[in-house]
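# Reading the structure
Residues per chain, in single letters:
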Amino acid sequence: MASNERVYYHKFITCPDCHEPHNSDEVHKSGLPLVRKGDGNTFICSSCKSIFTDSINFVNNEFSDYTGTVKMVNNGKSEEYLSKFPLIWKVEPNIIENNYLKWIKTIDRGKFLITWPWKRVKFLPLLVSEYYLDSDRRNGNVVVIYNPMEQAENEINEPDMYETFKHILYVDGPLDVMDSRILEEYKKFDKKSIFIKKAVTHYRIKEVGRGITRDEICTDSFRSCINQITRFINTNYGNKYIRSILQNKLNKKKVYRSVNENGTMDLIFEERLQRYGKLNYRKEWIWDVLTNYRKIKVLKTVIPNIQVKSEDDKIPDSNRTLFMIPSTLELSNIYEYIDKINPSFLIIEDVDYFIKDLYSYYTDTEYILNYVKRSNIPLIMMFSTDPSIRNIYTINSQNTGITDKYGITVHTWDSELLLAKIAAKNSVTDNYPSPVSSLFVPPDESTRIPDVEYIRIKELDNLDELISIFGSFNIDENVKSDVLRYLKMLKMSTLKLKGDYLNNDVFTFKGQDEITYDILKNILSQNVSVEEYDRLIKIFNSIYMDSELSISPIMNQINRYIEDIAMKAPDVFITIVTYHTKGTKELLETHGVKNEIDICSWENLNKHEKSPQGNSEHYVISTLPPSLRYSLYLGNITKLIFIGSEENIELIQRNVDTRLSISKSKPLYKPDDSDNYPDLLKNIMEDVSIPSNEVIGRVLDFEIDTDTYNNNVSKSYVNYSYLKKGEKAYLIINEAGIGMLIPEDAQLTISKNGVPDFLDIGEIQKKNLKDKMEGKEIFIDSRGISISIKDIFTKFMLEYKGIIRFRSERYQWNGFIELYNSSTLWRRMIEEAVELCKGKNNSHIDCDDFISEYLAKLGLTAGNQDYIKSWWTKYYNISAGGKEYKAYNIEHPKSMEDLVKICRGLNEIYPYLKLEIKDLEESYVSARTIQKIRKDLRDYIGGDSKDARYDFLPMYESIKKRILPLFASFPTFRIKIIYPVEIIYDTAPFKIMERIQYEEICRVINRA
């Protein structure tokens, strides 16, 4: 049976609206649970709040008659089964998974390490199925070492491989076509059979005297909805607009409140009981399974399978059986199980789980790779899902790398370069989130690396002299070893140097014997002179200045940092990572810090990450290098702050830089011509044009380099609209007579004490141009083209790797691209109106002129037709992330009222547009949000960050670090004189030109 005739489905309980608990394919998302209600068949989605049932009653359905369907299936199925039929979901593997499902049929031998682009390897049940079901000769056992997932009582959480395997079924053969009688019943199926009613708030905004109403739904609590809407209107329109509020809560009397008798908006809030949620589901999947019920196979009944639960489980003699072993068992027991089972195919879902113990359990870690090297298992596939520990594999190192040393073939998939090429060359379409397949998430949306700050306490390095001196003492080696470890740990400790050593907040070290500061002094006094002893004790006194409290300088620095954050951003959630959790907590409480701070070890940080509420940022302060047990790529940290001695910080920085280096964390390894690689990997690698694996490690650093960016910043990513014949502009001239033409609404970047600043000419009155412009210095590039910080800001933001949410009172945008697209929606609606005009055989008119003239008559703040037309005709293209974005000179009309008039006006002449005021309202708010972010960035670069959102500061700092070196290398154009001009010939703006050139293409109207 060919595998392309086998169609897989799963019946794992899934939200039919937002598809939880499976929304975890993007690196920094976690699937939220479904909460089981009392009767056991009803669930509440923690994400979208939908309430739904996990099964469908086809026998006695209160909404539709499914008699034909029941009769068709009842030949082989009982009515009881059809009265509780599960919601069936089709499994649609992504392009990489599909390649492995094809490739597994052709391969019987080999040892492979696969760098997986997603944090979980979901398709393993399908891989095992295709391995077995397409080859009768494959009679050996299969072992999968899988990562178990925690399941809470009365919750449905993201399933692990074992749980997923139990819920998979497939149609063995081509799908039969649905009978025409059944088709009519299929058409009747809708959300009434799935969703349960819940209370939602309908609200209406009535504009007094205009006959305009807006009806929307809010799913939060009744009171919360009222507060949200009123606050939004007061913030964006003004607090005088609301005239009255009418509240109609379920089972309560109506409440009317007059707010402002001169207001222009009446708000009506009504609570209703209804089915809430959109059925994001393809109902044909249910009927595919019902129509083909004779061909349905349940995977767990076709492939014999055994779950190993503990070290005490007995392994039966078997053949052609799937064994699933949790990775949490002792590694030695796992080896014993594998040897006894003697599989023909071994899959390790997350080999990083074992590799992460390298520094703590070196023998075991070496052993797992040596075990694979020595193993006689014909086929071994290991998946690596954590980029931040990939440097351990040294994939591209010669002789010592994983290929040469262990004989393992490497498949590298998660390079952003590779994924981008796959998306560009193939039709990559994502389906619904699934427990059996990962969504092909674009690489620029899947990775967020935390910002890192290093705080050095130089005086701690004075302890190095003591380490050197104690190392030279002729004392018991065990005591010497303990003392040296005491001093090294002291350099990273938050605890007090001395005091009651039985207390948690005083530092001690327990080795062969317990070492304290007093014991150390005693050893010191017995081995050096009095003078030397006094000198060395002064080293401690200089570090722990308060001899009575003996507080660690690290603790003092942590307290200062926490106080600073509390003042700037009280919503930031802080975790302190240290060896001494109890003592650190007590010291913080002594300092007045109590429940606001979380304290844990690196090993437990993953559990503590779930503590922050809502969208708050998460800062981690650590005195220790990040453990390999914690992923710097997959975690949810916004910022890492490392505090310690110069030496320790240098070691930590080297550790972090190595783990986050693109060439090491997301490497490329070029395949050879053998059959050891899926076709997709070989074909796409040919496009990467990497000469050999020997040089890959040296050339694959995809971070933007300042020099490279400097050379290309103005060559490729900005394409400005030409100044057209007859158009008005300005000619600026420097002392050498060199000129430059700039549009009337140009936004220039000027030098303000060497720091880039904005200058918006459109906001300067013409009579003030001479005073405001002459003497200013404009940044230009090496080719004499004006550089716009606005454009560079937009490009950086479109390419910004961090995942950051932008919020207003009422709206939220996940990432800058979403914010940017929203900000241009109002303009795209106008452009669509222009296209509708052109589509009506209006060849005799200029549709841009027609629409702009029509809009100018609507009473907008901007009454000039040419200015209005420039809203959508004056733009330039910015290339970012392989895509082209339109950047418009004008970002939004003067007021929201203008957009309301535009919406009504365009709907009047083109009803097809069906423009919604609420959509244009969001567009207006998002455009203003971008302006606010850019203003705050300008202030931040200039040294003023008092008005900037604190959670944006890491982003601003990242941009600042790139912008300042960039502009430091740019020359400037000093304006001596400015003239208003009319363009004679079409020409490009912002380019310097000789006098003979600009006198040909423009004429002076009069002196500004």
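Just so you know, these numbers come straight off a predicted model, no measurement behind them.

A separate point is the overall build of the chain. Each helix and strand counted, the chain has 37 helices and 43 strands in total. The buried share of the chain, reckoned over its 1008 residues, is 53%. The contacts of the chain with a sequence gap of at least 6 include a subset with a gap of at least 24, amounting to 71%. Total accessible area on the chain stands at roughly 46500 Å², and carbon and sulfur atoms take up 45% of it.

Overall, the coordinates contain 37 aromatic pairs when judged by the stated rule. Ring geometry for phenylalanine 58 against tyrosine 66: centres 5.2 Å apart, planes inclined by 80 degrees, an arrangement best described as edge-to-face. You can call tyrosine 66 buried: its relative accessible area is 1%. An aromatic cluster of at least three residues, connected via ring pairs, comprises Tyr100, Trp103, Phe112, Trp116, Trp118, Phe123, Phe383, Trp413 and Phe440. For lysine 283, the ring lying beneath its charged end belongs to tyrosine 186, and the centroid distance is 5.1 Å. The ring centre of tyrosine 888 lies 3.8 Å from the NZ or CZ of arginine 827, which sits over that ring.

Taking every second residue as pointing to the same face, both faces of strand β20 (residues 345-348) are buried, with Phe345 and Ile347 on one and Leu346 and Ile348 on the other. For strand β9 (residues 142-146) and β20, the ladder comprises four bridges, and the chain directions are parallel. Bridge pairing in β20 places valine 143 opposite leucine 346. Bridge count for β20 against strand β21 (residues 379-384) is four bridges, and the pairing is parallel. Bridging from a neighbouring strand, isoleucine 347 pairs with methionine 381 of β21.

The biggest cluster of nonpolar side chains holds 84 residues, and the ones touching the most others in it are Ile96, Tyr100, Leu127 and Met381. Ranked by size, the runner-up nonpolar core spans 73 residues in total, among them Cys218, Ile245, Phe269 and Ile933.

This next bit is on helix α18 (residues 517-525). Among the residues of α18, Tyr517, Leu520, Ile523 and Leu524 are the ones counted as buried. Along α18, the residues classed as buried sweep out an arc of 120 degrees about the axis, all on the same side. The secondary structure elements touched by the buried residues of α18 are α16 (463-472), α17 (477-490) and α19 (530-543).

Looking now at the sheet that holds strand β4 (residues 51-53). Sheet architecture is open: four strands sit in the order β4-β3-β2-β10, paired in antiparallel fashion. With partners counted over all chains shown, the strands left at the sheet margins are β4 and β10 (155-156), one partner each. Where strand β2 (residues 34-36) meets strand β3 (residues 42-45), three bridges bridge the pair, whose relative direction is antiparallel. Each bridged residue has a counterpart across the sheet, and for valine 35 the counterpart in β3 is isoleucine 44.

Turning our attention to unusual backbone geometry. Proline 21 follows glutamate 20 through a cis peptide bond whose omega is 10 degrees. Within the secondary structure, proline 21 is located in the loop between β1 (6-10) and β2. The phi torsion at histidine 19 lies on the positive side, around 70 degrees, for a residue other than glycine. As for its position among the elements, histidine 19 is in the loop between β1 and β2. On the basis of relative accessible area, histidine 19 is assigned to the buried category, the value being 6%. Of note in this structure, lysine 49 is not a glycine but carries a positive phi near 70 degrees. Along the chain, lysine 49 falls in the loop between β3 and β4.

Counting all residues, the mean pLDDT for the chain is 80, and 85% of those residues have values of 70 or more. Low pLDDT, under 50, characterises residues 358-365; the stretch is placed with 10 contacts to residues that sit more than four places away or in other chains. Segment residues 695-719: pLDDT under 50, and 53 contacts once partners within four positions in sequence are set aside and those in other chains are kept.

Strands sit in the order β23-β29-β28-β26-β27 across an open sheet of five strands; the sheet is parallel. Where the open sheet ends on each side, the last strands, each with one partner, are β23 (451-456) and β27 (597-600). Taking the axes of each pair of neighbouring strands and ignoring which way they run, one obtains an average angle of 20 degrees across the sheet. Direction of pairing for β23 relative to strand β29 (residues 639-644): parallel, over a ladder of six bridges. Of the residues in β29, the one forming a bridge with glutamate 453 is isoleucine 641. The strands that helix α20 (residues 553-568) touches are β23, β26 (573-577), β27, β28 (618-622) and β29; relative to β29, the one it contacts most, it runs at about 150 degrees. Across the sheet, helix α21 (residues 581-590) is in contact with β26 and β27; its angle to β27 comes to roughly 160 degrees.

Mapped onto the fold, threonine 516 is located in the loop between β25 (514-515) and α18. On the accessibility criterion, threonine 516 (5% relative accessible area) is buried. For threonine 516, the side chain forms a polar contact with the main-chain nitrogen of isoleucine 519, separated by 3.2 Å. Beyond its immediate sequence surroundings of up to four residues, threonine 516 is in contact with Tyr486, Tyr501 and Thr508.

The rules behind the values
- Residues numbered from 1 in each chain as written.
- Predicted model: local features only at pLDDT ≥ 70, side-chain atom pairs only at ≥ 80, totals over all residues.
- Heavy atoms only, no water.
- Helix = DSSP H or I, 4+ residues; strand = E, 2+ residues; numbered from the N terminus.
- Buried < 20%, exposed > 50% of the residue type's maximum accessible area, 1.4 Å probe, protein only.
- Contact = heavy atoms within 4.5 Å.
- Areas by Shrake-Rupley, 256 points an atom, 1.4 Å probe, with all protein chains shown as cover.
- Phe/Tyr/Trp six-rings, centres within 6.5 Å; stacked < 30°, edge-to-face > 60°.
- Lys NZ or Arg CZ within 6 Å of the ring centre and 35° of its normal.
- Pairing = 2+ DSSP bridges.
- Core = buried A, V, L, I, M, F, W, Y, C linked by side-chain atoms within 4.5 Å.
- Arc of directions from axis to C-beta.
- pLDDT = per-residue confidence, 0-100.
- Axes fitted to C-alpha atoms, helices over the stretch in contact; angles between N-to-C directions.
- Polar contact = N/O pair within 3.5 Å; in protein donor to acceptor, adjacent residues only side chain to side chain.

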